[in-house]
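Fold and contact review
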Amino acid sequence: MALNDIELEKFKRTLKKASEELGTKEIVLFSEWFYLLPGQSLEMNGVPLNEKYDIPIGWDGYGIDDLDKLEKMEFLIKTFESEEDPVTFEKTIKYQILETNTK
């Protein structure tokens, strides 16, 4: 499920804050299947963001569509995308934060 506009803006501000605190502009999205359910995580400098920051996760959390929206808003740029593993469905996507000013 995609974030609404208010949630997306909060997500964007949280990513900016994490970037400043963790000293990196690179965001890494890992996705894979656990048993019969999909799972994903976001990391910066090896730190899982959901453990340190208030970001929406689970069925009502962020998704690739939301990261794509942030890319269209020119807040992020995709720098790497691996091929999806045909057995485990693992995939890695890396983004770089472009925008430095959030309101």
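First, a word on what this report is: a plain description of the structure on this page. These figures come from a predicted structure and were not determined experimentally.

1. A short note on the sheet that holds strand 2 (residues 37–44)
- Spatial strand order, 3-2-1-5-4: five strands in an open sheet with antiparallel pairing. Sheet topology places strand 3 (47–48) and strand 4 (76–81) at the edges, where each strand pairs with a single neighbour.
- Inspection of the sheet shows strand 1 (residues 26–34) paired to strand 2 by seven bridges, in the antiparallel sense. By the bridge assignment for strand 2, valine 28 is matched with glutamate 43.

2. Examining helix 3 (residues 64–72)
- What helix 3 keeps buried is the set Asp66, Leu67 and Leu70. In a view along the axis of helix 3, the buried residues occupy a sector of 100 degrees, so they form one face of it. Seen from the open side of helix 3, the exposed residues pointing more than 90 degrees away from its buried face are Asp65 and Lys72.
- Here the buried face of helix 3 lies against helix 1 (5–22), strand 1, strand 2, strand 4 and strand 5 (91–97).
- Of the residues one or two after helix 3, glutamate 74 is the one with positive phi, at around 60 degrees.

Calculation criteria
- Residues numbered from 1 in each chain as written.
- Predicted model: local features only at pLDDT ≥ 70, side-chain atom pairs only at ≥ 80, totals over all residues.
- Heavy atoms only, no water.
- Pairing = 2+ DSSP bridges.
- Helix = DSSP H or I, 4+ residues; strand = E, 2+ residues; numbered from the N terminus.
- Buried < 20%, exposed > 50% of the residue type's maximum accessible area, 1.4 Å probe, protein only.
- Arc of directions from axis to C-beta.
- Contact = heavy atoms within 4.5 Å.

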